[in-house]
Amino acid sequence: VLTLYRYFIELVKNKILIVHEFRMLPKIAIPIQSVTYEHLKEFSTFEAFERNPHLYLYSLKEIRPKSYEKIREYFSRLVKSSVRNINSVDFDVKITILSRESESIGSNIMEYIIRKLEAKDNYTVEADILIKLDGNILPIESCASLFTEAVYLASVLSIESGYVIIIDEPEIHLHPSTQLVFLSMVKESVEQNNNQFVMITHSPYMLIINRSLDITRFYMVDGVTRHIRLCDISKESLKYLKEKFGL
C-alpha cells in the first residue's frame, strides 16, 4: 500500500528534475544510423543531457531549434556577465565522422566519403561543442569551467513543460555578477515556461532580500535540523543582513 508521500512522489516524479553539480562528460560516439529524426528525439529530453550533453544539444539544434537558440542566448549572457572586454561569445554543435584506426583514408578524400556513405554500418559519429570567442573557435573541453557551467545552466533554464527544477549550488564557478544575471534568468524561466526552481546555495549573492518570501534558511540546533523563512526574521536582523552583505 502506498503511503501518501510515496503516492505524491509517484504522481510528480516525471515533472521533477534534480540538477547535480556537473562536469562535462566525455564525448560518446554513436552509430551513424542513430543520426535520424526518430533517434534524435530520444536524445532531445533533458534526462539525456547528463548522459551525452553534446548529442543532446545537437538534437535540439535539429529538432527544436527555438530551444537551441534560447540556450545560446542564455549562454552568451552568462559568459559576458563574467568575462569582461569581449565583443562576442557563442557556441555551436557540429557532427564529426569517425573512421576506424585501421582504415586508411588515402589520397582521394571524396572517394573516402563516398565509401563511408555506401557502408553506413562501418563508421560512427560524435558531436562536438565548439566555443566561439571573439573569432576564436575552441572545443569546450579546452575552455575554462565557466563555459561548461554556462552551457549547463543555460540548458536548464531553457527546459519547457512546467518542471520543478532542483539545483544544488548553482553559484559554483560563477562570478558574483554572473550569479545575479542567473537569478534574473530564473525569473524569466518561471514566467515564460511555468517552471518552479528550488535552489540550495551558500552564496550571499543568491539571497535577494526583496524576494525574501521565497528564501528559507536551514540550520542545526542540538542535532536537529530547523528552518526559518526570511520573511519571519525581525526587521533588525534584515537590516543587519542588508548592511553586512550589501543586499
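Quick look at the structure, then. Bear in mind that the values here come from a model prediction, so they are computed numbers and not experimental data. (Residues numbered from 1 in each chain as written. Predicted model: local features only at pLDDT ≥ 70, side-chain atom pairs only at ≥ 80, totals over all residues. Heavy atoms only, no water.)

## A word on the packing of aromatic side chains
Our working definition: Only centres within 6.5 Å qualify two rings of Phe, Tyr or Trp (six-membered ring in Trp) as a pair; their planes then separate them into stacked at under 30 degrees, edge-to-face at over 60, and tilted for everything else. Secondary structure elements follow DSSP: runs of H or I no shorter than four residues count as helices, runs of E no shorter than two count as strands, and numbering proceeds from the N terminus. Exposed residues in this analysis have more than 50% of their type's maximum accessible area, buried residues have under 20%, and partly exposed residues fall in between, with area computed by a 1.4 Å probe over protein chains only.
What the rule picks out here adds up to three aromatic pairs. When the ring of F75 is compared with that of F91, the centres are 5.2 Å apart and the planes differ by 85°; the resulting orientation is edge-to-face. Of this pair, F75 sits in helix α4 (residues 65-80) while F91 sits in strand β3 (residues 89-98); the two residues are 16 residues apart in sequence, bridging distant segments of the chain. By relative accessible area, which is 0% here, F75 ends up buried. Between F75 and F147, the ring centres sit 6.4 Å apart and the planes meet at 45°, which makes this aromatic pair tilted. With F75 in helix α4 and F147 in helix α6 (residues 145-157), this pair connects stretches of sequence that are 72 residues apart. Three or more aromatic residues link up through ring pairs in this structure, and these residues are Y68, F75, F91 and F147.

## Remarks on the pairing of strand β6 (residues 164-168)
Where we set the bar: Two strands make a pair as long as DSSP finds a minimum of two bridges between them. The handedness of a crossover follows from its direction of travel: if, with the strands pointing away from the viewer, the path from the first strand over the helix to the second runs clockwise, the crossover is right-handed.
Residues I165 and I167 point to one face of β6 and are all buried, whereas V164, I166 and D168, pointing to the other face, are not buried. Where β6 meets strand β7 (residues 196-200), five bridges bridge the pair, whose relative direction is parallel. Along β7, the bridge assignment pairs I166 with V198. Since β6 and β7 lie parallel, the crossover through helix α7 (residues 176-193) that links them has a hand, and here it is right-handed.

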